[in-house]
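Each chain, written out:
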Amino acid sequence: AGPVGLDIATRASEVSAKTADETPRRLRRWAMVIDLRKCDGCQSQDTPPQCTRGCIEGHFAPSPMQCIQVFEYELPGGGTQFIPVPCQSCQNPPCVAVCPVGATWPTPEGPALVDQDRCIGCRMCMAACPYDRRFFSWGEPPIPPQAMLGDYHPERQFPLRKGVTSKCDFCPDMARAGRLPYCAQSCPQDAIYYGDFEEDLATNGEHVVELSRFLSENQAYRLKEELNTKPRVYYIPGHGQDAGRDPFEAGRLATEWPWEEKGLPGGIEQM
């Protein structure tokens, strides 16, 4: 391995050492399942997508940064479905391969992280991500005072800085503490499950499922599987029918940034 490969390996071991308990523990294999049968884009709530709002509030994300973004896609026979798209937590991540300084790397537990202390802002990772799930801050992002109280860590991408890339961190620190990610906590339809392949369990906060069986029995799929990125985010086909949604009821309300004061400079680019 060249210098960059060594940098990535060193950085990964440093973060693992910081987050590991002193007693031996199982290596987790985090995964997410989004049940599209339940996702209605929050139309039944008459609100913008609450998974996005919860993530924005939890991570103090500035506009237009949406670490989990809800897209509306046409169905083959007409009508639409809503698909929430976070970082896909690829096990073969193309974004990592192109970073010239080892500022992004895959962790042993699955999520790929970004170190803003190391990032030089070249944006090559953004160009390489086939899911458009990385962001760049051209200017000083608006930061609420409470965000400044936290200690920056690659597993907690705040406070954000000027001139670096950032992304969904997949919330492994919250999962280790026994909490669901902000997006799953905020979903009013309980459509987002978070789990661990090592334990073979996942939960949406209301129900616990056997992860492997849940995926197989419901014909789960992954986005752009033909690219061999091996995502850890799975989707169960649907159009919100379990929430009573008519697929021909198109449109969702625009995302809001509730904490952000109007008129503050944003400077976040999404590619």
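Analysis parameters
Residues numbered from 1 in each chain as written. Predicted model: local features only at pLDDT ≥ 70, side-chain atom pairs only at ≥ 80, totals over all residues. Heavy atoms only, no water. Pairing = 2+ DSSP bridges. Helix = DSSP H or I, 4+ residues; strand = E, 2+ residues; numbered from the N terminus. Buried < 20%, exposed > 50% of the residue type's maximum accessible area, 1.4 Å probe, protein only. Contact = heavy atoms within 4.5 Å. Salt bridge = Lys/Arg side-chain N within 4 Å of Asp/Glu carboxyl O. Phe/Tyr/Trp six-rings, centres within 6.5 Å; stacked < 30°, edge-to-face > 60°. Lys NZ or Arg CZ within 6 Å of the ring centre and 35° of its normal. Axes fitted to C-alpha atoms, helices over the stretch in contact; angles between N-to-C directions. pLDDT = per-residue confidence, 0-100. Lys, Arg positive; Asp, Glu negative; His and termini not counted. Polar contact = N/O pair within 3.5 Å; in protein donor to acceptor, adjacent residues only side chain to side chain.

Student: Just checking my understanding: could you explain the pairing of strand S2 (residues 69-74) for this structure?
Tutor: Put simply, side chains in a regular strand alternate between the two faces of the sheet. Relative to strand S3 (residues 80-85), S2 runs antiparallel, the two sharing six bridges. Each residue of the ladder has a partner; that of tyrosine 73, found in S3, is glutamine 81. In this antiparallel pair of consecutive strands, S2 and S3, the connection spans five residues, and glycine 78 shows a positive phi of 105°.

Student: Where do I start with helix H2 (residues 50-59) in this structure?
Tutor: Along an α-helix, a turn takes 3.6 residues, which lines up residues three or four apart on a common side. Within H2, seven of the ten residues are buried, which leaves the element mostly enclosed by the surrounding structure. All of the buried residues along H2 are Cys51, Thr52, Gly54, Cys55, Ile56, Gly58 and His59. Elements that come into contact with the buried residues of H2 comprise S2, S3, helix H6 (182-186) and strand S8 (192-196). Phenylalanine 60 sits one or two positions beyond H2 and adopts a positive phi of about 55°.

Student: Sorry if this is basic, but what is going on with the pattern of salt bridges here?
Tutor: Any two side chains of opposite charge can pair if their charged atoms end up close together. Across all of its chains, the model carries 13 salt bridges by this definition. One salt bridge connects aspartate 117 with arginine 161, and the closest N-O pair in it is separated by 2.5 Å. Linking aspartate 117 in the loop between strand S5 (112-114) and helix H4 (124-128) with arginine 161 in the loop between strand S6 (134-137) and strand S7 (165-167), this pair joins segments that are 44 residues apart in sequence. By relative accessible area, which is 29% here, arginine 161 ends up partly exposed. One network of salt bridges, in which partners are shared, links Arg28, Asp196 and Glu199.

Student: Help me understand the packing of aromatic side chains, please; the structure alone is not making it clear to me.
Tutor: Given two aromatic rings, their pairing is described by the distance between the two centres and the angle made by the two planes. For the coordinates displayed, the defined rule picks out eight aromatic pairs. Arranged with centres 5.9 Å apart and planes meeting at 75°, the rings of phenylalanine 197 and tyrosine 234 form a pair that is edge-to-face. Of this pair, phenylalanine 197 sits in the loop between S8 and strand S9 (201-203) while tyrosine 234 sits in strand S11 (residues 233-236), and the two are 37 residues apart along the sequence. Assessed through its relative accessible area of 17%, phenylalanine 197 is described here as buried. An aromatic cluster of three or more residues is present, and its members are Trp30, Phe170 and Tyr194. Over the ring of phenylalanine 136 we find arginine 123; its NZ or CZ atom is 5.3 Å from the centre of that ring. Geometry around tyrosine 152 places arginine 161 over its ring, the cationic atom sitting 4.5 Å from the centre.

Student: I'm lost on the sheet that holds S11 in this one. Help?
Tutor: Through backbone hydrogen bonds, the strands of a sheet pair up, either in parallel or in antiparallel fashion. Read from one edge to the other, the open sheet built from five strands follows the order S10-S9-S8-S1-S11, with strand pairing classed as mixed. Edge positions in the sheet fall to strand S10 (208-210) and S11, since each of these pairs with one other strand and no more. Direction aside, neighbouring strands of the sheet carry axes that sit 25° apart on average. Here five bridges tie strand S1 (residues 30-35) to S8, and the two strands are oriented antiparallel to one another. Each residue of the ladder has a partner; that of isoleucine 34, found in S8, is isoleucine 192.

Student: Looking at this structure, I do not really get the confidence of the model for the protein. What am I missing?
Tutor: When pLDDT is low, close inspection of the predicted coordinates is not appropriate. Residues at a pLDDT of 70 or more form 87% of the protein, whose mean pLDDT is 88. Contacts from residues 262-266, a stretch scored under 50 in pLDDT, to residues over four places away or in other chains number nine contacts.

Student: So what exactly am I meant to see when it comes to the side chain of serine 89 here?
Tutor: Along the polypeptide, serine 89 turns up in the loop between S3 and helix H3 (94-98). Non-local contacts of serine 89, meaning those with residues more than four positions away in its chain, are made with Gly110, Pro111, Phe170, Lys230, Pro231 and Arg232.

Student: Help me out: how do you make sense of the side chain of arginine 133 in this one?
Tutor: Mapped onto the elements of the fold, arginine 133 is located in the loop between H4 and S6. Aspartate 132 provides the closest opposite charge to the buried, salt-bridge-free arginine 133, at an N-O distance of 6.7 Å. A distance of 3.4 Å separates a polar side-chain atom of arginine 133 from the backbone oxygen of cysteine 67.

Student: I tried to follow unusual backbone geometry on my own but got confused; where do I start?
Tutor: The general pattern is negative phi for most residues beyond glycine and trans for most peptide bonds. Here the residue pair serine 63 and proline 64 is connected by a cis peptide bond, since its omega of 0° sits within 30 degrees of zero. Topologically, proline 64 is positioned in the loop between H2 and S2. Here the amide bond leading from phenylalanine 158 into proline 159 is cis, since omega sits at 0°, within 30 degrees of zero. Mapped onto the elements of the fold, proline 159 is located in the loop between S6 and S7. Its identity is not glycine, yet aspartate 132 carries a phi of approximately 55°, on the positive side. Of note, aspartate 132 is situated in the loop between H4 and S6. The phi torsion at lysine 230 lies on the positive side, around 55°, for a residue other than glycine. With respect to the element layout, lysine 230 can be found in the loop between helix H7 (211-217) and S11.

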